[in-house]
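# Fold and geometry: a report
Take a look at the letters that make up each chain.
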Amino acid sequence: MRKVLVTGLGGAGRTTVAAATALAEAARGRRALFLSAGPGDVLGAPVTARPEEPARVRDGLWAARIDAASDFRAEFLDLQERASAALDLLGAARLEDEELTRLPGSEQFALLRALTVASRGGWDVVVIDMPPLHETIALLALPEELRRYLRRLLPQERQAARALRPVLAQLAGVPMPAQWLYGTAERWDTELAGVQALIESVNTTLRVVAEPGPRAAAALLEARAGLALHGLPVDTLVPNRNLPRESADPWLAPLVAQQEKCLHEWYGAWLPSASICEVPHLGRDPQGLEDLALLDTRAVRTAAGGDGHRGDGLAVEGDPDREGPRGDVGRIDRPEPSATGPGAQDALYVWELELPGIVKDQLSLVRRGDELLIEAGPFRRILPLPSALRRCTVAGAGLADGTLKVRFTPDPGLWPRDTLNAVHRSGTVESTQPLETALRSTS
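Residues numbered from 1 in each chain as written. Predicted model: local features only at pLDDT ≥ 70, side-chain atom pairs only at ≥ 80, totals over all residues. Heavy atoms only, no water.

### Considerations on the pattern of salt bridges
Taken as a whole and assessed by the stated rule, the structure comprises 24 salt bridges. A salt bridge links E144 to R381; the nearest nitrogen and oxygen atoms lie 2.7 Å apart. In this pair, E144 is assigned in helix α5 (residues 133–153) and R381 in strand β14 (residues 379–384), connecting sequence segments 237 residues apart. Judged by its relative accessible area of 9%, R381 falls in the buried class. Between R301 and E317 there is a salt bridge, with the nearest N and O atoms lying 3.6 Å from each other. Residue R301 is located in strand β9 (residues 300–302), and its partner E317 is located in the loop between β9 and β10 (331–333); the two are separated by 16 residues in the primary sequence. Since its relative accessible area comes to 2%, R301 is described here as buried. (Salt bridge = Lys/Arg side-chain N within 4 Å of Asp/Glu carboxyl O. Helix = DSSP H or I, 4+ residues; strand = E, 2+ residues; numbered from the N terminus. Buried < 20%, exposed > 50% of the residue type's maximum accessible area, 1.4 Å probe, protein only.)

### Here's the deal with the nonpolar core
F34, L35, L220, W266, W270, W351 and I374 are the most contacted members of the largest nonpolar core, which totals 95 residues. The greatest single-element share of this core, amounting to eight residues, is contributed by helix α1 (residues 14–27). Counting residues in each nonpolar core, the second largest holds five residues, with L154, Y182, A185 and L192 among its members. (Core = buried A, V, L, I, M, F, W, Y, C linked by side-chain atoms within 4.5 Å.)

### Overview of the environment of E317
You can call E317 partly exposed: its relative accessible area is 28%. Between the C-alpha atoms of E317 and D235, which are 82 residues apart in sequence, the distance is 8.1 Å. Apart from residues lying up to four places away in sequence, E317 is in contact with R2, S275, R301, A303, G311 and D312. A distance of 3.4 Å separates a polar atom in the side chain of E317 from a polar atom in the side chain of S275. (Contact = heavy atoms within 4.5 Å. Polar contact = N/O pair within 3.5 Å; in protein donor to acceptor, adjacent residues only side chain to side chain.)

### Some points on unusual backbone geometry
Note on backbone geometry: most residues besides glycine have negative phi, and most peptide bonds are trans. Residues L271 and P272 are joined by a peptide bond in cis, for which omega reads 5°. In this structure, P272 sits in the loop between α10 (253–270) and β8 (275–278). A positive phi is found at R241, a non-glycine position, where the angle reads about 60°. Position of R241 among the secondary structure elements: in the loop between β7 (234–239) and α10.

### As for the packing of helix α9 (residues 214–229) against α10
Two elements in contact, α9 and α10, have axes separated by 9 Å at closest approach and are oriented at 15°. In terms of orientation, α9 lies roughly parallel with respect to α10. Judged by the twist between their axes, the crossing of α9 over α10 is right-handed. Between α9, through P214, A216, A217, L220, R224 and L227, and α10, the contact on the second element is made entirely by Q258, C262, E265, W266, A269 and W270. Residue composition of the contact of α9 with α10, grouped by class: nine nonpolar, one polar and two charged. (Axes fitted to C-alpha atoms, helices over the stretch in contact; angles between N-to-C directions. Parallel < 35°, antiparallel > 145°, perpendicular 65-115°, else oblique. Left-handed = near helix turned anticlockwise from the far one by under 90°. Nonpolar A, V, L, I, M, F, W, Y, C, P; charged D, E, K, R; others polar.)

Structure (structure tokens):
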């Protein structure tokens, strides 16, 4: 199952492009589901069905609306029921469904739950209308971050004592709140792990929508670093509402020139790693299936790969049968013989991460125990180090041509001497060989 998350800059037409993408898939004989928190009447009629029971729009196309308010009430009442013993102990008055109003942030959790529900539906393609680009990056990082918080606040070794809690409850004569607390935390971690697996699947990609122009160019340049830092692959950049190049209208000429300049920069920056699909301006706001179909048929797509191949409109490319997680963020390499800088000569391995558009003043790097804390512009991520690098010290770091390179040297106090000597002697280890494999082969 392909999962296409359509995001982009505010007001660029994300919902329209998402709906047109789902329709394009249905037109090519695939079963497509379109999900949106605010679909309006982009499909020609209001969408009111829930993700659990989507409504059929036409052959091959179903749609559903993500209702954050309803989702919040259901989750709150479920949590209240699970915590009933503790609430009764405190003398708390239960809240009823009619009293609840959704809180800020509930939209994000509702969207993640809708993604989970849709993944069980047996669709060929699920297209989700996501929030603006910066919010989407933060949202897709949320499961990983929340799981880290749960591990720190409620560590596994504390949960190992769960068997003793019923005994303690009998001795104290009152229910022990920790019992439902740890049970709830475990359930949350399981659900978050499932969402994280969906986000990190090779079959989950982003489609970024932007209207060409100077502001859009600057916003996408900044966002590319966040996408790279969180390992979020973009399969297609969609420049939307492109004006006709051949227009003789003198009023349109400067706008067309502005779009052309921006498009030239985007082709140089995004190809060949992502496709670029130019969608024309229809001269009106697209509404209904006919207009959405026009966006697909009139779209001009340059496929990823850099060979100039023309893609198939707004259709989703790639192998839908691929499964499994994407690779880790960054790559581990051997240092180049000509490397210079602090620690370059002593470094055994170099961890590299592409951060396009980031300059030195925007970058912060801190090692904390077995983790690296990286800030790139407005984006931040805490990355766990591979087990072998945890036994190394940071010898230095540098940023060049949009690539962060962190050099590591073995900590003699943590590496077995025989292994350390063997790795130092094996200067011919292939740089593409996984670090763990290289270390095992020399031990």
